[in-house]
Every structure is written in structure tokens, then in C-alpha cells.
Amino acid sequence: MYSEKVMDHFNNPRNMGEIENPSGVGTVGNAKCGDIMRMYLDVDEAGVIRDVKFKTFGCGAAVATSSMATELVKGKTVQEALQVTNKAVMEALDGLPPVKVHCSLLAEEAIHAALWDYAKKRGITIEGLQEPVADIEEIAEA
Ligand code: FES
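Residues numbered from 1 in each chain as written. Predicted model: local features only at pLDDT ≥ 70, side-chain atom pairs only at ≥ 80, totals over all residues. Heavy atoms only, no water.

Some words on helix α5 (residues 101-122)
Convention followed: For helices the rule is a DSSP run of H or I covering at least 4 residues; for strands it is a run of E covering at least 2, with both sets numbered from the N terminus onward. Helix span, as expected, comes to 1.5 Å for every residue beyond the first.
In a regular helix each residue adds 1.5 Å, so 22 residues correspond to 32 Å; α5 covers 32 Å between its end C-alpha atoms and thus fits that length. Two residues or fewer after α5 comes Gly123, characterised by a positive phi angle close to 70°.

Given below as C-alpha cells:
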């Protein structure tokens, strides 16, 4: 039921870990399944994402989508990273079963939350980026 790519990213996740003093970090969660994803970004002066790491406490599809999401945003500008939607992540993984679509949404939200944090720290606005819906405290209490 899972594609080879999903299994590959689940078994050998890319960019797992954390970044010390990240340019931006975002944590999101899904209140229903309880899974949590954190994304760290290292962005250079030109606004290019030089490094990205993730930590995911969640299901296998959440691990695979985080891993693929980091691969997709690495080397991109923050503006380009904003275009990495959950659909793009799913396509890159050759699809996900319908019950696992929300896991890929978590990856998109984690990127956005990390970008939001980066923009806040730099005092800039990233066009098209919306404030994350809820922070992790609210998710934990939900
Ligand atoms: Fe919730 Fe996968 S089951 S993120």
C-alpha cells in the first residue's frame, strides 16, 4: 500500500536531527492522531535555505513526508520553499494512501511554521505566508 519511495524515506530518513541556533524553527501537530513534527531551517543572507533538519514523533508516513519535504526545500529560496505544498510532497513520494494524506499536510505546515519563525526573527514579511494556525501548546491541549 506504500510506494517504494515512501518506504525508502521511512527506512532511511534524510536530514533527520536538529540545527543549533536555527534561522527558523516550527513545530506543528495533529490533534487527532497526536503526531508532532518539528522543522529547523538554516537560511543564509540571500534568503536561501542552506540546511534543513526535522524531528518527527509520529507515524511512518509522517517520517517519510518530513524527510521528503526537507529534500524539496533544501537549496531553495524561502519564497520557493513556500510553494512546496503537501501535494508536491505526496507527488514526490509517488502518492500516499488516502488515510495518510493528513501526514503530508503536517509536513507543509511544519515548513510554513519554520518560515514564519524565520520571518519573525528577521523582521521581514514573506509574501503569501500565513501565520500558523495553532502553536504546539494549543495542539497539546486539544
Ligand atoms: Fe497522523 Fe500520520 S497518522 S501524521
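Still to come is the rest of the account.
A closer look at helix α2 (residues 60-73)
The condition that has to hold: For every residue, the accessible area (1.4 Å probe, protein chains only) is compared with the maximum for its type, and the residue is labelled buried under 20%, exposed over 50%, or partly exposed between those bounds. For this analysis, residues touch if any pair of their heavy atoms sits within 4.5 Å.
The terminal C-alpha atoms of α2, which comprises 14 residues, lie 20 Å apart, in line with the 20 Å expected from a rise of 1.5 Å per residue. Across the 14 residues of α2, 11 count as buried, placing the element largely inside the fold. Looking at the buried residues of α2, the elements they touch are α1 (4-11), β2 (36-43), β3 (49-57), α3 (78-81), α4 (86-92) and α5. Downstream of α2 by one or two residues, Gly75 has phi in the positive range, about 85°.

Section: the nonpolar core
Among soluble globular proteins, nonpolar side chains are generally buried collectively. For the record, the criterion: By nonpolar core is meant a set of buried Ala, Val, Leu, Ile, Met, Phe, Trp, Tyr and Cys residues that side-chain atoms within 4.5 Å join together.
Counting residues in each nonpolar core, the largest one holds 37 residues, and the members touching the most others are Met39, Ile49, Leu115 and Ile126. Going through the elements one at a time, β2, β3, α2, α3, α4 and α5 are the ones with two or more residues in this core. By residue number, the principal contributor to this core is α5, which donates 10 residues.

Considerations on unusual backbone geometry
In this structure, Asn15 is a non-glycine residue whose phi angle is positive, near 60°. Within the fold, Asn15 resides in the loop between α1 and β1 (24-29). Given a relative accessible area of 14%, Asn15 falls into the buried group. For Asn21, which is not glycine, the phi torsion reads 50° and is therefore positive. When you line up the elements, Asn21 lands in the loop between α1 and β1. Classification of Asn21 by relative accessible area gives exposed; the value is 72%.

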